[in-house]
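In case you want the letters, here they are:
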Amino acid sequence: MAKFEAGMEAMADMYVFETTTLLEQLDQILMKTESDSSFGEEEINEIFRTMHTIKGSSAMMGLDNMSKLAHAVEDMFYIIREDHPVINSMETLYDLVFTASDLMKAEIELLQEDEYAPTDFSDQMAKIEDFAAVLKNGERSAVQQPAAPAPKTSAKPSLSGTAVKVFFEENCKMENLRALLVINRIRDLCSALEYTPSDIEDNSDTADIIIKNGFDIVFAPAQGQTDNSVIDAIKDCPNVKSCELSGNKQAASAADDGDSTAVRIYFEDDCKMENLRALLVVNRVRDVCEVVSYEPADIEDNADTAKYIIENGFILRFRSDKPDMVLRVIEDAPSVKEYEVISAAPDNKNENVPEQDKKTSGTAQTAAPARQAAPAAAAPKKESRPAPAAGKAPSGGAKQSLISVNLNKLDTLLDLVGEIVITEAMVTSNPDLKGLRLDNFQKSARQLRKLNSELQDTVMSIRMVPLSGAFSKMTRIVRDMKVKLGKDVDLVFEGEETEVDKSVIDQLNDPLMHMVRNSMDHGIEENAEDRINAGKPAKGKITLSAYNASGEVIIVVADDGQGIDPEKVLAKAEKNGILTKPASEYSEKEIFNMIMLPGFSTNEQVTEYSGRGVGMDVVRKNIEKIGGTVSVDSKFGKGTSFIIKIPLSLSIVDGMEVSVGGSIFTIPINSIRESFKAKPEQLVKDTDGKEMIMIRGECFPLIRLYDIYDLEPNTDDLYDGIVILAEGDGKCACLFADELIGEQQVVVKPFSPLLNKYNVKQNGMAGCSILGDGSITIILDVNNIISDF
Amino acid sequence: MENSEPANKNYAADDSEVLFFSIDGTIYGIEIKYVNEIIGIEQITVVPKIPEHIKGVINIRGKVVPVISVRKRFGIEEIPYDDRTCIIVLEFEDGEQVGIIVDRVREVIVVSRSEISKTPDAKSVNSNHYIKSIVNLESGVRLLLDCEKLVRDN
């Protein structure tokens, strides 16, 4: 199923990446402002810009629902930015924006699936629009107070206003209601507003008139607005085909064009869809300046404009007091090959003094003195303009030092490095070299090995991502739950700069979320009084910390809540029938870890967040999937910690090779405790004939690898082969193999899907790897072997 | 994707190339679009605890590829590998590679659509399950195997 128009798929990746990043930034801004409990000018602008960009790029991708939702949020912040209304209910505002952001994120997720159907956001949009309306009304009552409007009206007596004629798209139907929508949208941007036909709300016959004659609006822009911004707002309304100046202000508008900078942009050869690329440029530039016009104008709808752009370039007129910044944005836009400044503003400066004056009075809010100062202030600024106009030299210097790379490419790179590691072993331990004395060769080989390991380290480090991203997502969860559960909790990060492999981090989000939810829901006490009575501060605390320890990353989710009651857990486990030995024999550690068994939940009531008994089980599964382990530590009454240990990287492990018959198995070094030859006095047999090995007074079960894997061993004599004491999942066992071959770094290759179907992982095989001589070794998963055999 | 597909279909509509190989004296064919390469028998690493017809994995230029014995799959007794034994490496649309062990590879023949007919629905025919269609060639009637089923069915 085609989600996008032909050719758009290529841009879809970029869109998903960009929008996700923007939404994450949005969340961070919101979170910050919420904890500061105030919106700064800068933050509002930032949110506004973010939404604007999302709106633009979504529209370009043809995702109307996304674009409209973003538009609704943008509108709301527009009101906040322009009118500074008194916001009575900050909570509602945050909830609205957070929900919108969530919806959009979910939509982006959906977009990446094969079957995609746009979600209907109209509910959320209605809520946002309602709230925006409340804001507006609140603002209006604020305006009633004398201060603001008085100088405004005196500064701008031209209440006769600007006349525009609006046409709607053909066959869009109900033109009168659409006209009403336009009026409602711009009502707050204008200080005075008249329109014909005027009875659009009640008289559906006006639709025909509008089709025939267009819809006439006469308006005077409100404080802080220009004619153009109102016209832009009209153009942004749904189904509006065109909006033209029809009356007295046409000349002024032309003059507006005069003080703008015009740029001709050329795109890279063969980049295709030049019209949409041009639109992208326009959208980007909109964030930093006022776009006056562009040519061709119908790039959005008319694909033929692409040809025109190829031949004649794309002309963009904009107005900004920092044109060099705008030019840089243009240059950084994708596929832009080159651009030239056709006409810079200063040329028109003198002829347009009255216009200048008017413009500054529109934006500066003070009256007379500011008006005189404004042109003077504007003048020195403008002197800097000729520089970018002369050429693009100044913008060429600042290049980004970061690039975003497709993860697939990094995976391929890592694979290649793996191949090189294998090939190096193939060359340096080539059987042809046996018995030869090759001093120089050995020297070069050593050099090669050194370089290879450096290469390997570098590639690994490229893939490393700090945990801060995964951590900061938790802020959001804590925030939401704080509101819902009425618990006051601080979330503290420690060591969030610790880095792990990208593939690990992707698998880490869900488990972290479950654990944080768990701590919020079960860990922290219901009532603040309980906490105070227990001698703890009223405000709960959840700590997320991370640090490196011996090739592993350790992540701890700790809360200072009520802790786990071992008695309760044990009783519950007994009830659920998951005990395997008498209750009195369980150690505290074992009891705590029971909460991660499938189908276990101590919470009597299932809440929205946890208590279904799947959470901790899923956590354990997910962590184990990436080769890590989870354990629980708790002090009843003091708090609970979940400790996650994950390997730094998944792909290259140090392994010990052992042979069993003709097969070679690799046991990861970090799960081996020791290896030895067994002696007869160490062997113990229980009544079932199960063999055990006694080491320094401790008994460990013996697992014969040939036995569990139905292989033909070279020796089944326990005292002839080798015994490896391996540890996994907190338990130890002795593995019996024919022979120890040696230690080597191996590159983990996953089994093909065909084999995965047969549960090779559950049978203790983690993957395979290719040895120096080209043969394949199977990497054992000690955890699974010990727990299953 | 959308552009390349019709082209493929056109190709399949008229002629398609079929690789023929023999198992226990019977000749079977598979569509060439699945065939990545043909290699001699290699050292196969046994993977424990998997169905018998999957003999294990081999190393093809750094890729670990599982191999299936077609004899075992058809329930025919296995014979020792000789220098005519081949592994045909198949590659599926999702990129997964799987090798199949055959007694010997015969030839590649261009087969036109008119020469292909559907299999009768008789369940009694041995290993009918894996057969996709029947090819009527001048040299005789040949069976065309369904690669997906041959490899992926349980």
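Residues numbered from 1 in each chain as written. Chains lettered and ligands numbered in written order. Predicted model: local features only at pLDDT ≥ 70, side-chain atom pairs only at ≥ 80, totals over all residues. Heavy atoms only, no water.

Asker: I keep staring at the overall build of chain A and nothing clicks. Help me out?
Answerer: Regarding its fold elements, chain A presents 29 helices and 26 strands. Going through the 789 residues of chain A one by one, you find that 45% of them count as buried. Across chain A, contacts joining residues at least 24 apart in sequence account for 70% of those joining residues at least 6 apart. Accessible surface computed for chain A: about 39,800 Å², of which carbon and sulfur atoms make up 51%. (Helix = DSSP H or I, 4+ residues; strand = E, 2+ residues; numbered from the N terminus. Buried < 20%, exposed > 50% of the residue type's maximum accessible area, 1.4 Å probe, protein only. Contact = heavy atoms within 4.5 Å. Areas by Shrake-Rupley, 256 points an atom, 1.4 Å probe, with all protein chains shown as cover.)

Asker: Looking at this structure, how should I read the overall build of chain B?
Answerer: A tally of regular secondary structure across chain B gives 3 helices and 11 strands. In chain B, the succession of helices and strands from N to C terminus is α-β-β-β-β-β-α-β-β-β-β-β-β-α. Buried residues in chain B amount to 45% of all 154 residues. Taking as baseline every contact in chain B between residues at least 6 positions apart, the subset at least 24 positions apart corresponds to 54%. Carbon and sulfur atoms make up 46% of the accessible area of chain B, which amounts to about 8,300 Å² in all.

Asker: I would appreciate a short explanation of helix α7 (residues 175–186) of chain A in the present structure.
Answerer: Since the α-helix packs 3.6 residues into each turn, any two residues three or four apart lie on the same face. Residue and element names in this part refer to chain A. Compared with the 16 Å implied by 1.5 Å per residue over 12 residues, the 17 Å span of α7 between its first and last C-alpha is a close match. Glu175, Asn176, Ala179, Leu180, Val182, Ile183 and Ile186 are the residues of α7 that are buried. Each buried residue of α7 lies within a common arc of 155° when the element is viewed along its axis, so the set occupies one face. Considering only its buried residues, α7 is in contact with β1 (162–168), β2 (190–196), α8 (206–213), β3 (215–221), α9 (227–236) and β4 (240–245). (Expected span 1.5 Å × (residues − 1). Arc of directions from axis to C-beta.)

Asker: What am I meant to see in the pairing of strand β17 (residues 663–668) of chain A here?
Answerer: Working note: regular strand, side chains alternate between the two faces of the sheet. All names here are of chain A. Of all 6 residues making up β17, 6 are buried, and the element is well covered by its neighbours. By the alternation rule, side chains of β17 split into Ser663, Phe665 and Ile667 and Ile664, Thr666 and Pro668, which are all buried. As defined by bridge partners, strand β16 (residues 652–660) adjoins β17 across 6 bridges and the pair is classed as antiparallel. Within the sheet, the bridge partner assigned to Met656 lies in β17 and is Ile667. Where β17 lies against strand β26 (residues 776–780), 2 bridges are found, and the strand directions are parallel. Bridge pairing in β26 places Phe665 opposite Ile778. (Pairing = 2+ DSSP bridges.)

Asker: Would you take a moment to explain the sheet that holds strand β1 (residues 15–23) of chain B for this structure?
Answerer: Paired through their backbone hydrogen bonds, the strands of a sheet run either parallel or antiparallel. Residue and element names in this part refer to chain B. What the 6 strands build is an open sheet, ordered β8-β1-β2-β11-β10-β9; its pairing is mixed. A single partner strand is all that each edge strand has here, and the edge strands are β8 (104–112) and β9 (116–118). The mean inter-strand angle of the sheet, taken between neighbouring strand axes irrespective of direction, is 35°. The pairing of strand β10 (residues 131–137) with strand β11 (residues 140–145) spans 6 bridges and is classified as antiparallel. Note on β11: the bridge partner recorded for Ser133 is Leu144. (Axes fitted to C-alpha atoms, helices over the stretch in contact; angles between N-to-C directions.)

Asker: Even after reading the chapter, I still don't get the environment of A:Ile44, so can you show me in this structure?
Answerer: Mapped onto the elements of the fold, A:Ile44 is located in helix α2 (residues 41–60). Once you skip the residues sitting within four places of it in the chain, A:Ile44 turns out to touch A:Phe39, A:Phe77, A:Ile80 and A:Arg81.

Asker: In this structure, what is going on with helix α4 (residues 90–111) of chain A? I would like to understand it.
Answerer: Here α4(A) is 22 residues long and its end C-alpha atoms lie 31 Å apart, about the 32 Å a rise of 1.5 Å per residue gives. Those residues of α4(A) lying buried are A:Leu93, A:Tyr94, A:Leu96, A:Val97, A:Phe98, A:Ala100, A:Ser101, A:Met104, A:Glu107, A:Ile108 and A:Leu111.

Asker: What should I look at first to understand unusual backbone geometry in this one?
Answerer: For residues other than glycine, phi is negative in most cases, and the peptide bonds are mostly trans. Non-glycine residue A:Asp710 carries a positive phi angle of around 50°. Note that A:Asp710 resides in the loop between α27 (705–708) and β22 (722–728). Backbone geometry places B:Lys49, a non-glycine residue, at a positive phi of 65°. Along the polypeptide, B:Lys49 turns up in the loop between β3 (35–40) and β4 (54–60). Overall, the relative accessible area of 36% leaves B:Lys49 in the partly exposed class.

Asker: Honestly, the interface of chain B and chain A in this entry has me stumped. Any pointers?
Answerer: By a frequent convention, interface size equals the accessible area lost on bringing the separate parts together. On the chain A side, the residues contacting the 26 residues of chain B number 25 residues. Roughly 2,000 Å² is buried in total at the junction of chain B and chain A, and carbon and sulfur atoms are behind 69% of that figure. Per-residue buried area on chain B facing chain A is highest for B:Pro48, B:Lys49 and B:Val64; these three make up 30% of the total on that side. Counting the contacts that link chain B with chain A gives 0 salt bridges. Here the side of chain B that touches chain A is composed, by residue class, of 13 nonpolar, 6 polar and 7 charged. (Buried area = accessible area lost by both parts, 1.4 Å probe. Salt bridge = Lys/Arg side-chain N within 4 Å of Asp/Glu carboxyl O. Nonpolar A, V, L, I, M, F, W, Y, C, P; charged D, E, K, R; others polar.)

Asker: Could you clarify how one ought to interpret the packing of helix α11 (residues 274–286) of chain A against helix α12 (residues 305–312) of chain A in this entry?
Answerer: Angle between the axes and distance between the axes: these two values describe a pair of packed helices. All names here are of chain A. Packing of α11 against α12 leaves a shortest axis separation of 7 Å and a crossing angle of 75°. Between α11 and α12, the interaxial angle falls into the category roughly perpendicular. The segment α11 lies against α12, with Glu274, Asn275 and Ala278 engaging Thr305, Ala306, Ile309 and Ile310. Its residues assigned to classes, the contact of α11 with α12 shows 4 nonpolar, 2 polar and 1 charged. (Parallel < 35°, antiparallel > 145°, perpendicular 65-115°, else oblique.)

Asker: What exactly am I supposed to notice about the confidence of the model for chain B here?
Answerer: Atomic detail in the predicted coordinates should be set aside for any region of low pLDDT. Residue and element names in this part refer to chain B. The share of residues in chain B with pLDDT of 70 or more is 84%, and the mean pLDDT across the chain is 83. Every residue in residues 1–12 is under pLDDT 50, and counting partners more than four places away or in other chains gives 4 contacts. Both scores are given for the predicted complex: the pTM is 0.48, the ipTM 0.85. (pLDDT = per-residue confidence, 0-100.)

Asker: For this particular structure, what's the right way to read the nonpolar core?
Answerer: What tends to happen in soluble globular proteins is that the nonpolar side chains get buried as a cluster. A:Met76, A:Ile217, A:Leu316 and A:Ile330 are the most contacted members of the largest nonpolar core, which totals 97 residues. Two domains each donate at least three residues to this core, and these are domain 1 (9–144) and domain 2 (152–253) of chain A. Discounting residues that sit within four places of it in the chain, A:Ile217 has contacts with A:Thr162, A:Ala163, A:Val164, A:Val166, A:Val182, A:Ile183, A:Ile186, A:Leu193, A:Glu194, A:Tyr195 and A:Ile234. Counting residues in hydrophobic clusters, the runner-up holds 73 residues, among them A:Ile672, A:Met765, B:Leu19 and B:Ile131. (Core = buried A, V, L, I, M, F, W, Y, C linked by side-chain atoms within 4.5 Å. Domains from an automatic or database assignment.)

Asker: I would appreciate a short explanation of the sheet that holds strand β24 (residues 739–747) of chain A in the present structure.
Answerer: Residues and elements named next belong to chain A. Judged by pairing direction, the sheet is mixed, and its 5 strands sit side by side in the order β24-β16-β17-β26-β25 without closing on themselves. In the strand order of this sheet, the two ends are held by β24 and β25 (765–770), each with one partner. Taken pair by pair, the neighbouring strands of this sheet meet at an average axis angle of 35°, ignoring direction.

Asker: Which parts of the structure should I look at to understand the packing of aromatic side chains?
Answerer: The description of an aromatic ring pair rests on the distance of the ring centres and on the angle between the ring planes. Taken as a whole and judged by the stated rule, the model has 9 aromatic pairs over all chains. Their ring planes at 45° and their centres at 5.5 Å tell us that A:Phe471 and A:Phe493 sit as a pair that is tilted. Here A:Phe471, found in helix α21 (residues 468–485), pairs with A:Phe493, found in strand β10 (residues 489–494); they are 22 residues apart in sequence, far enough to count as distant. Members of the aromatic cluster, joined through ring pairs, are B:Phe21, B:Tyr28, B:Phe74 and B:Tyr130. Above the plane of the ring of B:Phe92 lies B:Arg152, whose end atom (NZ or CZ) is 4.3 Å from the centre. (Phe/Tyr/Trp six-rings, centres within 6.5 Å; stacked < 30°, edge-to-face > 60°. Lys NZ or Arg CZ within 6 Å of the ring centre and 35° of its normal.)

Asker: I would appreciate a short explanation of a negative patch on the surface in the present structure.
Answerer: Residues and elements named next belong to chain A. A cluster of acidic residues, Glu169, Asp298, Glu300, Asp301 and Asp304, forms a negative patch at the surface. When you line up the elements, Asp301 lands in the loop between β6 (290–295) and α12. For Asp301, a relative accessible area of 69% puts it in the exposed group. (Patch = residues over 30% accessible without salt bridge, like charges linked within 9 Å, V, L, I, M, F, W, Y side chains within 5 Å. Lys, Arg positive; Asp, Glu negative; His and termini not counted. Charge placed at Lys NZ, Arg CZ, Asp CG, Glu CD.)

Asker: Explain the pattern of salt bridges here, please?
Answerer: Throughout the structure, instances matching the rule amount to 32 salt bridges over all chains. Overlapping salt bridges bring together A:Asp27, A:Asp95, A:Asp102, A:Lys105, A:Arg476, A:Arg479 and A:Asp480 as one network.

Asker: Sorry if this is basic, but what is going on with the side chain of A:Ser67 here?
Answerer: Topologically, A:Ser67 is positioned in helix α3 (residues 64–83). Residues contacting A:Ser67, with those up to four places away along its chain left out, are A:Lys55, A:Ser58 and A:Ala59.

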